[in-house]
Amino acid sequence: MTTNGGFEPVFCTVVPPYVLDKLAQHDDPALSGPAQRTLVRDSELRARRRVTAEFRLAAAPTAKAPSDQPLRTIYDAEHRTELPGTKVRGEGDDPGRDATVNRAYSGLGATFDLYLKAYLRHSIDGDGLPLDATVHYDEGYNNAFWNGEQMVFGDGDGEIFVDFTNSIDVIGHELTHGVTQYTANLTYYGQPGALNESMSDVFGSLIKQYSLGQTAAEADWLIGAGILAPGVTGTALRSMKAPGTAYDDDVLGKDPQPATMDDYVRTGRDNGGVHINSGIPNHAFYLVATALGGHAWEKAGQIWYDVLTGGKLKERAFFSDFAKLTVKAARERYGDGGDEFQAVQKAWEQVGVRIL
Ligand SMILES: [Zn+2]
């Protein structure tokens, strides 16, 4: 517990540290330089969060979004690291010339829309939290993050990563860390940390699917398609459909995600593998959504949302705890004999998570 009532915001980046570690060791300084800078920046930010988070979150919010509209503000860091930077677009303003600003603005809007229209959730905190984002953060910064208060996007180094606003699911992923922070507040380590990461991938992907009007069968189920530079051998950062296949590149290495418990990775790195083992609950969600068909946010998403926000999911939940709650939620919402209940049970079985 922290002094602000159990609220422990974490510094959540979209690119996992093991990817940047690998890049930082490359012989080519054009690749290692930006990765090293990004790692240093991330560790500074992580340390600073612990000191300032509790104090700043305790302050009363100054403004609230109206009941059916987001309240967005986009800032430009102009390649420096002071946050939030210069305000460049406010709510209702026309699009400007900077495509990065416009993508950030519409990505925040799409996230707000899914939560409001599919789950009747009014912004990230359920209480009209204004949505702030900063673009063009630092130089060659290979990441995007939610810092407990706002979104921040780098432009990438241009060699391995490009503009992080390119993927709407990355925007949705980061903001969903905010939703998790305000609800189940899953501890960012080990299995609860991998569940935290998985929630962000699940709702990040749903935000993309919702904004494109796609069915589960039409969706690409990729996270970060569009942020890898053209020379990289890969399609995205992660795949929910086929974890472990998103990239296999000379420089980046191979996507380390397992799809089932048989390949569960025990590691102390990456906060105990939060971006690695998240492949398992990610794949379970994909299996439920594709088994049920139609729009994934409607039934599969509803079941996951019920568990995330229902108050029963513990901060230190394991995969099996989460799985059990999703089975219960499917039964409560759609009945005992329903396809939903069966699809959820079967999916966890397929990924090897035992429901005790
Ligand atoms: Zn994340």
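Treat the numbers as computed from the prediction; the structure is a model and nothing was measured.

Considerations on helix α8 (residues 300-309)
Next up, step 1: For α8, the buried fraction is high: 8 of the 10 residues fall into the buried class.
Next up, step 2: All buried positions along α8 are accounted for by A300, G301, Q302, I303, W304, Y305, V307 and L308.
Next up, step 3: On its buried side, α8 packs onto α3 (99-119), α4 (168-182), α5 (190-212), α7 (279-292), α9 (319-334) and α10 (339-350).
Next up, step 4: G311 sits one or two residues past α8 and shows a positive phi near 90°.

Things to note about the coordination of the zinc ion
Next up, step 1: With distances of 2.1 Å, the protein atoms coordinating the zinc ion are H173 (NE2), H177 (NE2) and E197 (OE).
Next up, step 2: Spacing between the donor residues of the zinc ion along their common chain follows H-x3-H-x19-E. Residue H173 and its partner H177 are both found in helix α4; the two are separated by 4 residues, about one turn of the helix.
Next up, step 3: Taking the relative accessible area as the measure of exposure, H177 reaches 3% and is therefore buried.

Regarding the nonpolar core
Next up, step 1: Counting residues in each nonpolar core, the largest one holds 93 residues, and the members touching the most others are F161, F203, W304 and W348.
Next up, step 2: Top element by residues in this core is α3. It accounts for 10 residues.
Next up, step 3: Counting residues in each nonpolar core, the second largest holds 7 residues, with F11, A77, Y137 and Y141 among its members.

Some words on the packing of aromatic side chains
Next up, step 1: Applying the stated rule across the entire model yields 18 aromatic pairs.
Next up, step 2: Ring centres of Y115 and Y119 lie 6.3 Å apart, and the angle between their planes is 55°; this geometry places the pair in the tilted category. Of this pair, Y115 and Y119 both sit in helix α3, 4 residues apart, which is roughly one turn of the helix.
Next up, step 3: Each ring, one from Y119 and one from Y305, has its centre 4.6 Å from the other, and the planes form 10°; the classification is stacked. Highlighted residues: Y119 in helix α3 and Y305 in helix α8, separated in sequence by 186 residues.
Next up, step 4: Grouping aromatic residues by their ring pairs yields a cluster made of W221, F285, Y286, W304, F322 and W348.

Quick look at the sheet that holds strand β4 (residues 131-135)
Next up, step 1: Spatially, the 6 strands line up as an open sheet ordered β1-β5-β6-β4-β2-β3, and their pairing is mixed. Of all strands in the sheet, those bounded by a partner on one side alone are β1 (12-13) and β3 (86-90).
Next up, step 2: In terms of strand pairing, β1 meets strand β5 (residues 144-146) through 2 bridges, oriented antiparallel. Of the residues in β5, the one forming a bridge with C12 is W146.
Next up, step 3: Strands in contact with α3 are β2 (72-76), β3, β4 and β6 (151-153); relative to β2, the strand with the most contacts, it is inclined by about 150°.
Next up, step 4: Contacts from α4 reach β1, β4, β5 and β6, with the element oriented near 20° to β5.

Overview of the environment of L308
Next up, step 1: Residue placement: L308 occurs in helix α8.
Next up, step 2: For L308, a relative accessible area of 2% gives the class buried.
Next up, step 3: For the pair L308 and D113, spaced 195 residues apart in the sequence, the C-alpha separation amounts to 18 Å.

Here's the deal with unusual backbone geometry
Next up, step 1: Looking along the chain, the bond that leaves L83 and enters P84 is cis, with omega of 5°.
Next up, step 2: Residue W221 is not a glycine yet carries a positive backbone phi of 55°.
Next up, step 3: Of note, W221 is situated in the loop between α5 and β7 (222-223).
Next up, step 4: When its relative accessible area of 1% is taken as the criterion, W221 is described as buried.

Let's talk about the pattern of salt bridges
Next up, step 1: In the structure shown here, the tally under the stated rule is 18 salt bridges.
Next up, step 2: Residues R41 and E44 are paired through a salt bridge, measuring 3.0 Å at the closest nitrogen-oxygen approach. You can see R41 and its partner E44 sitting in helix α2 (residues 29-58), 3 residues apart, about one turn around the helix.
Next up, step 3: Exposure remark for E44: the relative accessible area of 36% places this residue in the partly exposed category.
Next up, step 4: For D306, the salt bridge is made with R333, and the minimal N-O distance between the two is 2.6 Å. On the criterion of sequence distance, the pair formed by D306 in helix α8 and R333 in helix α9 is long-range, its members being 27 residues apart.
Next up, step 5: When salt bridges that share partners are traced, they join R37, R41, E44 and D138 into one network.

Description of the side chain of S200
Next up, step 1: Here S200 shows up in helix α5.
Next up, step 2: Accessibility expressed as a relative area gives 0% for S200, which makes it buried.
Next up, step 3: One polar contact links the side chain of S200 to the main-chain carbonyl oxygen of H173, over a distance of 2.8 Å.
Next up, step 4: Residue contacts for S200: discarding those within four places in its chain leaves G172, H173, T176 and H177.

Conventions adopted
- Along each chain, numbering runs from 1 in the same order as the chain's sequence is written.
- Only residues with pLDDT of at least 70 get local features here, since the model is predicted, and only at 80 or more are side-chain atom pairs given and counted; chain-wide, interface and lining totals rely on the full set of residues.
- Side-chain numbers here rest on the full set of heavy atoms in the structure, without hydrogens or water.
- Here's how the labels work: a residue is buried when its accessible area is under 20% of the maximum for its type, exposed when over 50%, partly exposed in between, all with a 1.4 Å probe on protein chains only.
- Numbering of helices and strands starts at the N terminus; helices are DSSP runs of H or I of at least 4 residues and strands are runs of E of at least 2.
- The contact rule is simple, with two residues in contact once any of their heavy atoms fall within 4.5 Å.
- Excluding water, the donors of a metal are its N, O and S neighbours within 2.8 Å, or within 3.2 Å for Na, K and Ca, and that exclusion means sites may look incomplete.
- By nonpolar core is meant a set of buried Ala, Val, Leu, Ile, Met, Phe, Trp, Tyr and Cys residues that side-chain atoms within 4.5 Å join together.
- Geometry of aromatic contacts follows a simple scheme: Phe, Tyr and Trp rings, the Trp one being its six-membered ring, pair when their centres are within 6.5 Å, and the pair is stacked under 30 degrees between planes, edge-to-face over 60, tilted otherwise.
- Only strands joined by at least two bridges in the DSSP assignment are considered to pair.
- Between N-to-C directions, angles span 0 to 180 degrees; the directions come from axes that are lines fitted to C-alpha atoms, helices contributing only their stretch in contact.
- A side-chain nitrogen of Lys or Arg and a carboxyl oxygen of Asp or Glu constitute a salt bridge if their distance falls within 4 Å.
- For this analysis, a polar contact is any N or O atom pair within 3.5 Å, provided that within protein one partner can donate a hydrogen and the other can accept it, and provided that sequence-adjacent residues contribute only side-chain to side-chain pairs.

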